[in-house]
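Single-letter residue listing:
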Amino acid sequence: NNSGSDFFSLFLQLYYQVLNFGMIVSSALMIWKGLMVITGSESPIVVVLRCIYLSVSPPSGSMEPAFHRGDLLFLTNRVEDPIRVGEIVVFRIEGREIPIVHRVLKIHEKQNGHIKFLTKGDNNAVDDRGLYKQGQHWLEKKDVVGRARGFVPYIGIVTILMNDYPKFKYAVLFLLGLFVLVHRE
Amino acid sequence: MNTLLSRANSLFAFTLSVMAALTLGCILTTAFKDRSAPVRLQVSRILLKKVEDFTGPRKRSDLGFITFHISADLEKTFDWNVKQLFLYLSAEYSTKSNAVNQVVLWDKILLRGENPKLDLKDVKSKYFFFDDGHGLKGNRNVTLTLSWQVIPIAGILPLVTGSGRVSVPFPDSYEIATTF
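So, here's what we can say about the structure. Only a predicted model underlies this, so the values are computations on that prediction, with no experimental measurement involved. (Residues numbered from 1 in each chain as written. Chains lettered and ligands numbered in written order. Predicted model: local features only at pLDDT ≥ 70, side-chain atom pairs only at ≥ 80, totals over all residues. Heavy atoms only, no water.)

### Some points on the interface of chain B and chain A
1) Next: Counting residues at the interface gives 37 residues for chain B, matched by 33 residues for chain A.
2) Next: Here chain B meets chain A over a buried area of about 2,900 Å², counting both sides, of which 58% is carbon and sulfur.
3) Next: The largest per-residue losses of area from chain B upon contact with chain A belong to V100, Q102 and L157 of chain B, which jointly make up 19% of the total buried on that side.
4) Next: A salt bridge links K116 of chain A to D132 of chain B; the shortest N-O distance between them is 3.1 Å.
5) Next: On the surface where chain B and chain A come into contact, there are 18 residue pairs in polar contact (both at pLDDT 80 or more).
6) Next: Counting residues per element, the ones that place at least two in the side of chain B that touches chain A are α1 (2-30), β3 (82-93), β4 (100-111), β7 (142-152) and β8 (155-156) of chain B.
7) Next: Per-element accounting of the side of chain B that touches chain A gives the leading share, eight residues, to β4 of chain B.
8) Next: The residue inventory of the side of chain B that touches chain A, partitioned by class, reads 20 nonpolar, 13 polar and four charged.
9) Next: Here strand β4 (residues 100-109) of chain A runs beside β4 of chain B; their pairing, made up of four bridges, is antiparallel. Looking across to β4 of chain B, one finds that K106 of chain A is bridged to V103 of chain B. (Contact = heavy atoms within 4.5 Å. Buried area = accessible area lost by both parts, 1.4 Å probe. Salt bridge = Lys/Arg side-chain N within 4 Å of Asp/Glu carboxyl O. Polar contact = N/O pair within 3.5 Å; in protein donor to acceptor, adjacent residues only side chain to side chain. Helix = DSSP H or I, 4+ residues; strand = E, 2+ residues; numbered from the N terminus. Nonpolar A, V, L, I, M, F, W, Y, C, P; charged D, E, K, R; others polar. Pairing = 2+ DSSP bridges.)

In structure tokens, the structure reads:
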């Protein structure tokens, strides 16, 4: 057996794996961007990372029992759709990064289409005015990131685990690396 | 050790594909179902006050107090892909300053397994019925409807409105209760 051809076949294997990996990443990117175009929304998939619960008990979900941390919500943001009570909206408060996923409780819409509305988490005792900016009593269309139209449970659990337990993230990466090395034989 | 790893890998990949297919099946078989149901609503008492809105913008606004009866049979709405129903009773009306106003007066979470037949009498509103101004006084047409959001185990989150609604006029003056 020619040692040169061994070396070449090993190189081909590695090249193949790199291309494979590149294909997976670019497919995922294409799907993500495609969803952005179809739904007209900036962030078409939101992993429900953290819900704000207004109480002294340890932080739990403010939209339970409907949604829990780790569920995946599908959003659309068609601006022409009027905002009506009962809808679940994902909104961002000015100056805060994390979007909040709550239900619309009250709306007042003027003849010209300008709307102001109030939200509340299903599991909260009070509405969200305590969460809004100081002096802010209403949300407006510009605060809305998207509206929840569908959902799949548990999918984001891996992201949550990796966020909450960095050691788990390193363990997964280590195992993946180990697997790639072993598999190449 | 190599075959064990690759076996574990294929088993894991297969399990994921089967779960994904099952989830998709759940979603597709219930995506186009009609989730509406007949509802009977009745209003028994209305009282109108004028108070400073202490829940938010501190301006004097109309505050309504409504007592109502709800009866609905939601048994047909539940199927294998329904985790819970989020029910809400909302009032919709139009005023001089706002073309569309909607206020949720009462809500309830109905979990799968709980009694789907509702027959509630003399229910008081859970949330303060403040108007954005004085649009409730003398308002001839305030419509109450019962709606619900279907929360599936996986799939679409539709909002459905029940088929019964009731429209009531609000009194022309404050502090006088109207009973029906």
